[in-house]
Amino acid sequence: MPNFFTDNDDIRFLFDHLDLGELARVQERDFADARAGVGYAPVDEADALDNYRRILEITGDLAGRIIAPRAERVDAEGNTLNEDGTVTLHPLVADNLRRLAQADLMGFTLPRRYEGLNCPNLVYSMAIEIVSRADASLMNIFGLQGIAETINAFADEELKQEYLPRFARGEVTGAMVLTEPDAGSDLQAVRLRAVQDPDGRWYLRGVKRFITNGCGEVLLTLARSEADIADGRGLSLYLSERGPRIRVRHLEHKLGIHGSPTCELVYDDAPARLIGQRQRGLITYVMALMNGARVGIAAQSLGIAEAAYRLAREYAHSRKQFGGPIERLPAVAEMITDMKIQVEAARALTYETSRVCDLENNNTWVLECDPPEDKDELKVRKELARTLKRLNGLLTPMSKYYASEMCIRVADTALQVLGGSGYMTDYPAERYLRDARITTIYEGTSQLQIVAAVRGVCSGAFERRVAEFEELVYTDPDLAALREKLVEGRMQVLSAIAFVKSQAGDYLDLAGRRLVDAAAAVYIGHLLLQQAAGLRVSKVGGLGFPSGRAPGDAAPGPASGLSADQRAALRARKQRVARRFITTEMPQVRVNCELIAAGDRAPLEDFELLAGPLPAKE
Amino acid sequence: MSYHSVVCVKQVPDTAHITGEAMKADGTVNRAALPTIFNPEDLHALEVALEVRERFGGTVTALTMGPPKAADVLRDCLFRGADRAVLVTDRRAAASDTLATSYILSRAVRTLGSVDFVFCGRQAIDGDTAQVGPQLAEKLGFPQVTYLQQFIDLRDRTARLRRNVGNGWEIVDVRLPVLITVLDAAGEPRPPAARRVMQYKRARVRAELEAEVKAERPSAAGTELEAEVERRAEALRARGLMLEQWSLDDIRADPAWCGLAGSPTKVHRVQSIVLTKSGYTEIPPTEEGIRRLIRELVVDHTLG
């Protein structure tokens with residue numbers, strides 16, 4: 001029986017490499033739940049690792065054995081809109097969700113007092129990848145657990161008690177209801193009105209569009225509560241339960257992810273409850289929600305790409321032309337190896353991002369809910385909060401951008417490897433490519449991710465983090481030589497940044513893509529080197545995590561289930577992966593930086609000329 | 001109404017993944033070389049029992065007989081939702097055939113007290129006899145419904161069941177208590193529930209604790225060993241993690257009916273068949289090809 005966790009050596013390798021034990025210590029607040037007598041809480045790091053592995057094994061089993069074989073039918077048949085404005089999920093989608101709920105996987109990161117698993121985001125990202133490999137569209141419901149997470153972070157205790165256990169049990173699913181016909185990337189333009197009656201009850205009125213799982217039972221809706229404030233500060237976030245006053249008017253017909261219902265919603269004075277405080281809807285709550293969701297899309301991209309790579313790898317091995325398998329043809333061999341390395345590169349960045357998110361979320365929680373009395377620790381934590389926020393401001397958009405673009409490239413290459421067969425519906429290659437195509441669009445387009453990431457690249461967050469990476473000492477001469485190439489790459493990026501800063505404002509956005517590409521390559525090069533050498537940077541901004549492991553504490557042994565021989569072989573292979581990545585990517589970094597330094601503004605200055613005349617109306 | 005279901009489960013060698021070392025030179029099963037799994041059809045039996053509990057209320061007890069290692073399948077039952085788990089283990093029960101096994105299981109079910117349903121998988125993948133369920137029903141004096149496809153309904157202590165009859169199906173009504181053997185068509189087993197996994201992964205039977213203590217303290221003897229086992233058992237019991245372990249005496253089974261002594265089955269001969277022919281024969285998909293294949297099969301008595 002295929003298990004999408006145990007058959008994935010790279011996820012298991014990272015499970016051991018990323019020191020989940022230390023993360024568990026932070027996440028479990030020194031194992032407080034176990035000491036309070038919660039039966040299923042881990043008692044120490046090793047116990048937590050064992051739990052994470054078991055949870056991922058259950059996820060991998062469901063994904064490989066149940067969900068993946070159903071994906072083709074779900075894609076072909078989709079969901080159904082009923083006349084009364086409700087949606088009936090495809091019976092296989094409904095059953096997939098029932099299975100995930102039976103396995104307790106619908107409250108992945110929620111605290112145990114709401115019946116959740118209290119897993120770090122990193123483990124959840126692994127699970128999202130595993131589920132997406134089986135059926136990318138199911139991720140659009142399974143991967144929406146950030147909605148419950150948002151309620152947990154910002155709603156009052158009453159709402160939490162009422163809703164979070166129902167999310168964890170899988171009794172309800174949620175939707176984040178943001179987009180409108182005239183408010184897509186620019187959410188400040190949201191118009192849906194929230195009005196309050198004299199008794200203080202809220203009602204929502206208006207239309208929302210392109211809402212993933214908009215037929216879910218619990219809707220978090222961004223609405224204009226302040227009629228006289230036109231921008232984002234006039235928006236608040238509301239919770240509504242699906243009812244007769246919220247109707248699905250239309251189900252979109254889409255290129256891919258057919259199992260995920262994309263709804264147009266009509267609110268007809270639908271009752272709603274305010275989440276947190278008025279006016280913080282967009283600027284605080286939705287921003288937090290979107291950041292988590294972006295990492296989720298990065299993980300979804302990994303899953304689709306992994307599925308596409310595997311299909312192409314298998315096909316190139318078994319398809320014979322010119323007297324042998326096509327994998328022996330140099331052009332195909334390069335496509336296959338590039339696909340694999342690109343998946344691993346994006347995985348390295350996405351998991352790093354998830355890990356930093358976990359550190360930030362936990363630090364924020366401590367500062368808000370349980371601030372330390374010790375003045376020095378408080379100071380360290382506040383400094384950490386600023387550093388982590390800046391680092392995440394770089395990593396979250398960078399990994400969403402990088403992983404989703406990689407996903408489309410890999411899915412496209414997989415189809416190419418399969419040739420004519422890939423273009424037909426007999427193989428899932430075309431489905432992977434259709435599913436992949438949304439990843440660079442939703443939760444913020446690639447172009448918007450670049451706008452966010454480039455600020456992190458230029459503000460010093462990139463430079464400081466890479467400086468920490470460069471402090472690591474590589475005793476292996478091959479790795480040390482590769483490190484030198486990365487240092488060179490970093491210097492080129494820094495000169496390009498300096499050049500961009502010397503230019504007028506909009507050049508930054510024009511050069512953004514190349515700058516982010518170059519910075520991502522250097523960053524990922526370091527991550528792969530660290531994987532090859534078995535090294536890690538556990539400090540952030542030179543600061544250790546206060547509730548992390550004390551210096552003398554031993555880390556628990558590897559818990560992924562890989563044998564020592566397997567781990568050694570994977571480590572040795574990783575060295576070749578790092579070499580291939582760095583030797584092929586660093587010239588690209590140089591090209592990108594040179595192009596930036598050329599300062600060409602033609603797309604802006606000569607727009608009318610180069611873009612050509614507007615096509616005549618037919 | 002509350003129904004007590006007992007599910008008989010078995011830990012078996014994973015015969016679907018057999019390797020060359022599966023059989024020893026003398027023709028007996030080389031258990032050490034075979035990974036063990038939850039007998040597949042027993043998982044379906046457990047699923048039906050859990051569904052009955054969800055629809056009509058009650059409790060589910062998992063019961064197995066085997067060496068201490070068989071506690072693995074009991075933990076798996078708890079992961080998936082069983083309320084209680086019991087291991088019958090006793091050296092005197094070793095080498096039991098189906099008759100002795102069903103006798104021992106009948107004693108264990110009797111010891112559990114009031115029982116409304118006994119669910120078994122149709123058969124185990126190691127012996128493939130499909131005898132234990134029916135024999136157990138006889139010994140308990142329960143009516144039996146074999147080859148369950150679907151548990152339809154339950155009212156007034158009468159269950160309505162659909163069973164496979166080979167070339168079709170039939171629907172039967174049966175008064176409780178009843179023993180039911182279950183086919184894989186009866187329902188896809190639910191996955192282990194993560195929170196229960198994290199809780200019950202620590203559950204142990206006493207024999208496992210004894211083995212753990214012996215492994216950790218090889219020099220420990222008699223009373224010291226006993227005291228340490230008891231200390232650990234007490235800690236587990238306090239958290240509801242001590243699984244029940246019964247001996248033949250606990251279930252008041254007559255040793256004469258158990259184990260080798262209680263097993264009239266005689267093995268006539270064990271053949272170790274080693275497949276020597278390698279490669280394959282290609283048959284063209286034509287009328288002539290098929291005719292030739294059938295002729296060959298008739299000649300070597302595979303057909304007819």
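Residues numbered from 1 in each chain as written. Chains lettered and ligands numbered in written order. Predicted model: local features only at pLDDT ≥ 70, side-chain atom pairs only at ≥ 80, totals over all residues.

Trainee: Let's hear about the overall build of chain A: which residues, and what values?
Mentor: Scanning chain A from terminus to terminus reveals 20 helices and 11 strands. For chain A, the C-alpha radius of gyration of 24 Å lies close to 25 Å, the compact-globule estimate for 618 residues. Taken across its 618 residues, chain A has 53% of its residues classed as buried. Considering only contacts in chain A between residues 6 or more positions apart, those separated by 24 or more positions represent 79%. (Helix = DSSP H or I, 4+ residues; strand = E, 2+ residues; numbered from the N terminus. Rg over C-alpha atoms; globule rule 2.2 N^0.38 Å. Buried ≥ 20, exposed ≤ 12 C-beta atoms within 10 Å, placed from the backbone. Contact = placed C-beta atoms within 7 Å.)

Trainee: Describe the sheet that holds strand β1 (residues 3-8) of chain B, and please don't skip the residues or the numbers.
Mentor: Residues and elements named next belong to chain B. Spatial ordering of the open sheet is given by β9-β8-β7-β10-β6-β1-β4-β5-β11, a layout of nine strands whose pairing is mixed. Edge strands, defined here as strands with exactly one partner in the open sheet, are β9 (169-175) and β11 (244-246). Mean inter-strand twist for the sheet, computed between neighbouring axes without regard to direction, equals 30 degrees. Relative to strand β6 (residues 117-121), β1 runs parallel, the two being bridged by four bridges. Counted as the bridge partner of C8 is C120 from β6. Sheet strands in contact with helix α1 (residues 40-56) are β1, β4 (58-65), β6, β7 (144-155) and β10 (178-182), and its direction is about 150 degrees off that of β6. (Pairing = 2+ DSSP bridges. Axes fitted to C-alpha atoms, helices over the stretch in contact; angles between N-to-C directions.)

Trainee: Report on the confidence of the model for chain B, specifying residues and quantitative values.
Mentor: Chain-level statistics for chain B give a pLDDT mean of 90 and a share of 96% at 70 or above. Reported for the predicted complex are a pTM of 0.93 and an ipTM of 0.92. (pLDDT = per-residue confidence, 0-100.)

Trainee: Please provide a residue-by-residue account of the pairing of β7(B), values included.
Mentor: Regular strands show a simple pattern: their side chains alternate between the two faces of the sheet. Residues and elements named next belong to chain B. Both β7 and β10 contribute to a ladder of three bridges, which runs parallel. Paired with Q144 across the bridge in β10 is L179. Alignment of β7 against strand β8 (residues 158-164), held across six bridges, turns out to be antiparallel. Its bridge partner lying in β8, L154 is registered against A159.

Trainee: Any chance you could break down α1(B) for me, citing the residues and the numbers?
Mentor: Structural remark: α-helix, 3.6 residues per turn; residues separated by three or four positions point the same way. Residues and elements named next belong to chain B. End to end, α1 covers 25 Å across 17 residues, agreeing with the expected 24 Å (1.5 Å per residue, within 8%). Most of α1 is tucked away, with 12 of its 17 residues classed as buried. All of the buried residues along α1 are E41, D42, L43, H44, A45, L46, E47, V48, A49, L50, V52 and R53. In the segment just after α1, G57 is the residue with positive phi, at about 85 degrees. (Expected span 1.5 Å × (residues − 1).)

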